[in-house]
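Read off the chains here:
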Amino acid sequence: KLLMDSQCVNPLVVMRYISQILTVHTTDILPSIQAPTLCIAGTLDTIVDKESSLYIAKNVQSGEEIEIDGAGHYPYLTHPNQFNNLFQDFLNKNN
């Protein structure tokens with residue numbers, strides 16, 4: 001239900017977010033991020049492409065990208081155990 005509800009938003013709100021996404025560019029600051037950064041991507045994500053996650057992970061000083069097979073844009077909702085295990089491993093490794 002939570003996943004379905006998250007897909008039902010006001011079209012005007014969606015347009016505002018899309019406008020921001022298309023006009024705000026943050027790629028220039030990625031190399032200055034020093035905190036360990038984990039990008040968890042779903043192999044079936046139709047909202048953010050794999051290349052974007054890989055780009056972020058490669059351009060952040062301590063970036064890492066992991067994919068969850070069969071997950072879409074919300075792997076923390078659809079694959080919570082796998083997501084939590086990956087996240088916990090990342091936290092333990094970067095303690």
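Residues numbered from 1 in each chain as written. Predicted model: local features only at pLDDT ≥ 70, side-chain atom pairs only at ≥ 80, totals over all residues. Heavy atoms only, no water.

*Asks:* Would you mind showing me how to read the layout of surface pockets here?
*Replies:* Over the atoms, a rolled probe matching the size of one water molecule traces out where space is still vacant. The calculated volume of the largest pocket comes to roughly 870 Å³. Breaking the lining of the largest pocket down by element, the ones donating at least two residues are helix 2 (11-23), strand 1 (37-42), helix 3 (50-59) and helix 4 (75-78). Taken together, the residues of the lining of the largest pocket break down into 18 nonpolar, nine polar and three charged. (1 Å grid on protein atoms, 1.4 Å probe; cavity = no way out; pocket = protein on both sides within 12 Å on 5 of 7 lines; lining within 4 Å. Points joined across faces, edges and corners; volume = space filled by probe spheres on them. Helix = DSSP H or I, 4+ residues; strand = E, 2+ residues; numbered from the N terminus. Nonpolar A, V, L, I, M, F, W, Y, C, P; charged D, E, K, R; others polar.)

*Asks:* Could you clarify how one ought to interpret the pairing of strand 2 (residues 63-68) in this entry?
*Replies:* Along any regular strand the residues' side chains alternate between the sheet's two faces. Where strand 1 lies against strand 2, six bridges are found, and the strand directions are parallel. When the bridges of strand 2 are listed, Thr 37 appears paired with Gly 63. Read as a crossover between parallel neighbours, the route from strand 1 over helix 3 to strand 2 is right-handed. (Pairing = 2+ DSSP bridges. Right-handed = clockwise from strand over helix to strand, strands pointing away.)

*Asks:* I tried to follow the confidence of the model for the chain on my own but got confused; where do I start?
*Replies:* Low pLDDT marks regions whose predicted coordinates should not be analysed in detail. Chain-level pLDDT for the chain is 89 on average; 91% of the residues reach the 70-or-more range. The spread of mean pLDDT over the elements of the chain runs between helix 1 (residues 2-6), the lowest at 58, and helix 5 (residues 80-93), the highest at 97. (pLDDT = per-residue confidence, 0-100.)

*Asks:* Where do I start with the packing of aromatic side chains in this structure?
*Replies:* We describe a pair of aromatic rings using the distance from one ring centre to the other and the angle between the two ring planes. If you walk through the whole model with that rule in mind, you get three aromatic pairs. Measuring from centroid to centroid gives 6.1 Å for Tyr 74 and Tyr 76, while their planes differ by 90 degrees, and the two rings are edge-to-face. When its relative accessible area of 43% is taken as the criterion, Tyr 76 is described as partly exposed. Plain terms: the ring middles of Tyr 76 and Phe 83 are 6.0 Å apart, the flat faces sit at 70 degrees to each other, and that makes the pair edge-to-face. What links up through ring pairs into an aromatic cluster is the set Tyr 74, Tyr 76, Phe 83 and Phe 87. (Phe/Tyr/Trp six-rings, centres within 6.5 Å; stacked < 30°, edge-to-face > 60°. Buried < 20%, exposed > 50% of the residue type's maximum accessible area, 1.4 Å probe, protein only.)

*Asks:* What should I look at first to understand the nonpolar core in this one?
*Replies:* Burial of nonpolar side chains together is a common tendency in soluble globular proteins. The biggest cluster of nonpolar side chains holds eight residues, and these are Leu 38, Ile 40, Ile 66, Ile 68, Ala 71, Phe 83, Leu 86 and Phe 90. Only strand 1, strand 2 and helix 5 provide two or more residues apiece to this core. Setting aside residues no more than four positions away along its own chain, Phe 90 makes contact with Pro 36, Thr 37, Leu 38 and Glu 64. (Core = buried A, V, L, I, M, F, W, Y, C linked by side-chain atoms within 4.5 Å. Contact = heavy atoms within 4.5 Å.)

*Asks:* I keep staring at the pattern of salt bridges and nothing clicks. Help me out?
*Replies:* Note that side chains of opposite charge can pair when their charged atoms are close. Counted under the stated rule, the structure contains two salt bridges. Notably, a salt bridge pairs Lys 50 with Glu 67, separated by 3.2 Å at the nearest N-O pair. Of this pair, Lys 50 sits in helix 3 while Glu 67 sits in strand 2, placing them 17 residues apart in sequence. Since its relative accessible area comes to 42%, Lys 50 is described here as partly exposed. A salt bridge links Glu 64 to Lys 93, with the nearest nitrogen and oxygen atoms 2.7 Å apart. Of this pair, Glu 64 sits in strand 2 while Lys 93 sits in helix 5, and the two are 29 residues apart along the sequence. Lys 93 gets classed as exposed once you look at its relative accessible area, which sits at 56%. (Salt bridge = Lys/Arg side-chain N within 4 Å of Asp/Glu carboxyl O.)

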